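Report on the structure
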Amino acid sequence: MSEIKGFIGSYTKQDGKGIYSFTIDTEEKKIRTVETAYEVPASTYVIQHNDKLYGIKKVDDKAGVQSYQIKEDGSLEVINDNLSSIDSACHIWVTKDGKYLLEAVYGPGLVRLYKLDPATGEVLELIDIAEQEGTGPNTDRQDHAHTHYVQETPDGKYAVAVDLGTDEVITFTFGDNGLKRVHTLNVEPGMGPRHLIFNDKGNYAYLFTELSNEVVVLKYDDGVFEMLSKYSTIPEDFTENTQGAAVRLSHDGKFLYASNRGHQSLAVFRVLNEGEQLELVEIVSTGGDWPRDFNIDASDRFLLCAHEVDGVLSLFERDTETGRLTLLENDKRAPEGVCVQFL
């Protein structure tokens, strides 16, 4: 049996457990197992770096991150945590050198920067906090800053944060001396940017908006972003509530995927002109309620989607030539699952 493995982060408001592990049988094309890997409160995002896993954690009025050793059998062993804050995050990122962890905090609109020990995986200290300020035209969702995503740029020189509340893409320098804001791109008012992903060359990024359900193509150069074009991820005639969630690229860089919560779908785009343009291929049902996150395995053959409301895990097979998706199964669950990461 040939198999691939990964982890799922979840809410723990109802029956969610925190971090799940899963195994996919690639020969039978099915989810073989879904198990609780580690019970931890509110581990809504997890990310791997080498043989370490980092996850969000909130206990009572203390919030921050926890690090784990990924053991040979795939189980997790806690290394340490840093719960020096109050507000829980929604996204984390570990830098390529393993020295820093970046954290986006939705509620108050913050970016937090931690120092890591690359050898042991320990979270050593909270170095700095950058607070965003501003509002947007959507009075329900943009009453103040809501930082939803942060990552290191591919050139390794900056951190880029996405703020839903202020309609901004913000670039920082970062290091032992903290965070320093160096550039801000203001997208169209009311878009509500949520997540982004870079192409392999690092010269284009694709910003997914939660409030307008659009993928925005951005040109990137040395910390500066420029808007080029935008593409809707929902049908023109759909008028009910829907919110953009996650955006991913296939590993060959030829196709882009985005999930729509409410429309309960995945939009598939072909990447054209070396990354500068997109072309819609299809919009397919995810087979579950509220597709919060999904990911594509390293072989580019499988896509796994986690649904926050009903906990359904939908496994798709990818056509690597056309990018199209075929639903294989959706009868396994990871309750309150909101983050999917393949090992």
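Everything quoted here is computed from the prediction, not taken from an experiment. In every chain, residue numbers begin from 1 and rise along the written sequence. Local features in a predicted model are, by the rule used here, given only for residues with pLDDT of at least 70; side-chain atom pairs are given and counted only at 80 or more, and totals for whole chains, interfaces and linings are based on all residues. The side-chain quantities take in all heavy atoms of the structure and omit both hydrogens and water.

Note on exposure labels: buried denotes an accessible area under 20% of the residue type's maximum, exposed denotes more than 50%, and partly exposed covers the range between, all computed with a 1.4 Å probe on protein chains only. Secondary structure elements are taken from DSSP: a helix is a run of H or I of four residues or more, a strand is a run of E of two residues or more, and numbering for both begins at the N terminus. With 6 of 8 residues buried, strand S18 (residues 214-221) is to be regarded as a mostly interior element. Inspection of the sheet shows strand S17 (residues 204-209) paired to S18 by 5 bridges, in the antiparallel sense. Opposite Tyr-204, over in S18, you have Lys-219 as the bridge partner. Count of turn residues in the S17/S18 antiparallel hairpin: 4 residues, of which Asn-213 carries a positive phi of about 50 degrees. Across 8 bridges, the pairing between S18 and strand S19 (residues 224-232) is antiparallel. Its bridge partner being in S19, Val-215 is matched across the sheet by Tyr-231. Turn length for the S18-S19 hairpin, with the two strands adjacent in sequence and antiparallel, is 2 residues, and the turn residue Asp-222 shows positive phi of about 50 degrees. Pairing between two strands is assigned when DSSP locates at least 2 bridges connecting them.

The subject of this paragraph is the pairing of strand S22 (residues 265-272). Every other side chain in a regular strand lies on the same face of the sheet, so the side chains alternate between the two faces. For S22, the buried fraction is high: 6 of the 8 residues fall into the buried class. Sheet topology places strand S21 (residues 255-261) next to S22; 6 bridges connect them, and they run antiparallel. Bridging from a neighbouring strand, Phe-255 pairs with Arg-270 of S22. A loop of 3 residues connects S21 with S22, the two strands running antiparallel in sequence, and Gly-262 in this loop sits at a positive phi of about 110 degrees. As paired strands, S22 and strand S23 (residues 277-285) are joined by 8 bridges and run antiparallel to one another.

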